[in-house]
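Chain by chain, the residues:
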Amino acid sequence: PHYKSNLRDTYFQLFEVFEIQKTTLGKGPYASLDEATVREALKASEKLATSELQKGFAESDRIPLELDQQGNVKVPPGIRKGYDTFYDAGAHLLTVPEHMGGLGGPPSVGWAAFEFCAGANAPLAFYLFGTFAARTIDRHGTSEQKQRFVPPLINDRWGGSMVLTEPDAGSDVGAGRTKARHVGGEIWEIEGTKRFITNGDFDGPPNLVHLVLARPEGGAGGTKGLSLFIVPKFWVNDDGSLGERNGVVVSKLEKKMGIKGSATCELVFGDGKPARGLLVGNKPDGIRQMFHVIEQARMAVGVKSMATLSTAYLNALAYTTERVQGPDLLQAADKSSPRVKIIKHPDVRRMLMSQKAHAEGMRALCLYTAWLQDQVEIAGGHGSKEADDFDKLNDMLLPLVKGYCSEKAFEQLALSLQTFGGSGYCQDFPVEQYMRDQKIDTLYEGTTHIQALDLFFRKIAKDGGATLTRLLEQIETLAKSDEGGEGLAEDRAALQRALSDVRGIFGAMMGKVGESLYHAGLQGNR
């Protein structure tokens, strides 16, 4: 067993820092939930992850995926078992809205539970996209599409994937060339090739539903001309029964340095057989609909990075309390002094404290962002006037959750490995796999510099820094308060200095925008 959770810190953030029992539970769409119910749900999620879901972690790295001639992907047995165990436990229902048969948990609770799953078995966690595909169709689809796809995605455990990237376009989504042709009624035919599709196929569920960006014939160029389509692996008849195999197949599996148990696929649509699909909501509004999916994915990547660092730190901590090597430096001159556990050594303590501070700081950032998502829904939902301030702040923090957590986690995982010494480089301990499985996070869903450009140009400069200013004012209020009494006086002073630095950086960057967008882009990722 490799996974070590931190349920206590999760409870601390949710119930003592953000006080969701007062600010979220019992309000709006979460009116039926209380603190006791949520605590038990999180406790059950943590137990499921530590006792069951982690079991296939190492196996997913050692047993290769298999691709047959029909374009079907076979995953390691541990992934299959973990998938079934997750659904058997009803864990997929935690954040499914009540009208869809779920518990209706808020984002803060859902992301807290996702940490446990992603930390225990990251490859498995990304196979569980089907429930979110159901929520996306429920949010944006027509009534007929909801009736046709939502119940089986939830009740029959169908899988799902988000399908954006193309071989030539890469992160330039607007350059995509996959075409959609309307052939009559509600049916469209999709033609093109998509690459780097996470879990584009896997065995186990009776069907998979791909959410695919494609450009309708005659559509405008760039992102505005894209639409979102529901493309199932097996066609779904009007009565809900499964029909014949659709014209979407896996043509290649990527060979990767890590997260090997997650099938990263090249998908071909309409090669020799039509790939039929349905236009989501019967509206050509693809990029706005897909951003709902992209934002979910970026949040998931940031939480995954945080979860990986947290368990790596706790593994390193446990190792340092067992490994005995060298004398205490205070007694090093005495050759007969006893050997001590390495946690006694100052450099080991330095590395441990850095990992702890970053892991718990990232958890605070992720759960604060999730709490903002709670408030968006309570205030009226994404796009409502009442939720505008929460909406904008959430949007601003998403690239930080994804970009900062993924970059810093990899940096800190190197310290986790270093704490183990040479043993950390060997497969006797999980940290070397953690590093390989986590590195993808700086690349998933937009590389770090893309996140930086999004943060600065689209989330900060676009509104003249108004959203950032509101956040900094809240931080200033805290820094000038007597929160924590004298015991935290030095910390509040340090917070004020950091606040001053950020304001200085913000002012300098806004000046650079006026001088040169290139210069601003060059500085923005630093």
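Structure first, text after, so check above.
As for the overall build of the chain
Summing up its helical and strand segments, the chain has 17 helices and 14 strands in all. A compact globule built from 526 residues should have a C-alpha radius of gyration of about 24 Å, and the chain, at 24 Å, falls within 12% of that. For the chain, the C-alpha atoms occupy an extent of roughly 85 × 50 × 50 Å along the three principal directions. Considering the chain as a whole, with its 526 residues, one finds that 52% of them fall into the buried category. Long-range contacts, defined here as pairs at least 24 residues apart, represent 72% of the contacts in the chain between residues at least 6 apart. Averaged over its 61 positive side-chain charges, the chain has a centre that lies 3 Å from the centre of its 66 negative ones.

Describing the pattern of salt bridges
Throughout the structure, instances matching the rule amount to 34 salt bridges. We note a salt bridge from Glu254 to Arg195, for which the minimum N-O separation is 3.2 Å. Of this pair, Glu254 sits in the loop between β10 (248-253) and β11 (264-269) while Arg195 sits in strand β5 (residues 187-198), and the two are 59 residues apart along the sequence. The exposure class assigned to Glu254 is buried, which follows from its relative accessible area of 15%.

Some remarks on the environment of Met509
For Met509, the position within the fold is in helix α16 (residues 489-515). On a C-alpha basis, the gap between Met509 and Glu266 in space is 39 Å, while along the polypeptide they are 243 residues apart.

Concerning the packing of aromatic side chains
Taken as a whole and assessed by the stated rule, the structure comprises 19 aromatic pairs. For the pair Phe456 and Phe457, a centre-to-centre distance of 5.3 Å together with 75 degrees between the ring planes defines the contact as edge-to-face. The structure contains a cluster of three or more aromatic residues connected by ring pairs, namely Tyr83, Phe86, Tyr87, Tyr127 and Phe202. The ring of Phe234 carries the charged tip of Arg245 above its face, separated from the ring centre by 5.9 Å.

Focus on the side chain of Gln433
Secondary-structure assignment places Gln433 in helix α13 (residues 431-439). Filtering out sequence-adjacent residues up to four positions away, Gln433 remains in contact with Phe57, Ala58, Ser60, Asp61 and Arg62.

Structural notes on empty space enclosed by the protein
Counted according to the given criterion, the structure contains two cavities of 30 Å³ or more. Computed from the structure, the largest cavity encloses a volume of approximately 60 Å³. Around the largest cavity, the lining residues are Phe57, Ala118, Gly119, Ala122, Thr308, Thr311, Tyr434, Asp437 and Gln438. For the lining of the largest cavity, the elements supplying multiple residues, two or more each, are α6 (107-120), α10 (286-320) and α13.

Cut-offs and rules
- Residues numbered from 1 in each chain as written.
- Predicted model: local features only at pLDDT ≥ 70, side-chain atom pairs only at ≥ 80, totals over all residues.
- Heavy atoms only, no water.
- Helix = DSSP H or I, 4+ residues; strand = E, 2+ residues; numbered from the N terminus.
- Rg over C-alpha atoms; globule rule 2.2 N^0.38 Å.
- Buried < 20%, exposed > 50% of the residue type's maximum accessible area, 1.4 Å probe, protein only.
- Contact = heavy atoms within 4.5 Å.
- Lys, Arg positive; Asp, Glu negative; His and termini not counted.
- Charge placed at Lys NZ, Arg CZ, Asp CG, Glu CD.
- Salt bridge = Lys/Arg side-chain N within 4 Å of Asp/Glu carboxyl O.
- Phe/Tyr/Trp six-rings, centres within 6.5 Å; stacked < 30°, edge-to-face > 60°.
- Lys NZ or Arg CZ within 6 Å of the ring centre and 35° of its normal.
- 1 Å grid on protein atoms, 1.4 Å probe; cavity = no way out; pocket = protein on both sides within 12 Å on 5 of 7 lines; lining within 4 Å.
- Points joined across faces, edges and corners; volume = space filled by probe spheres on them.

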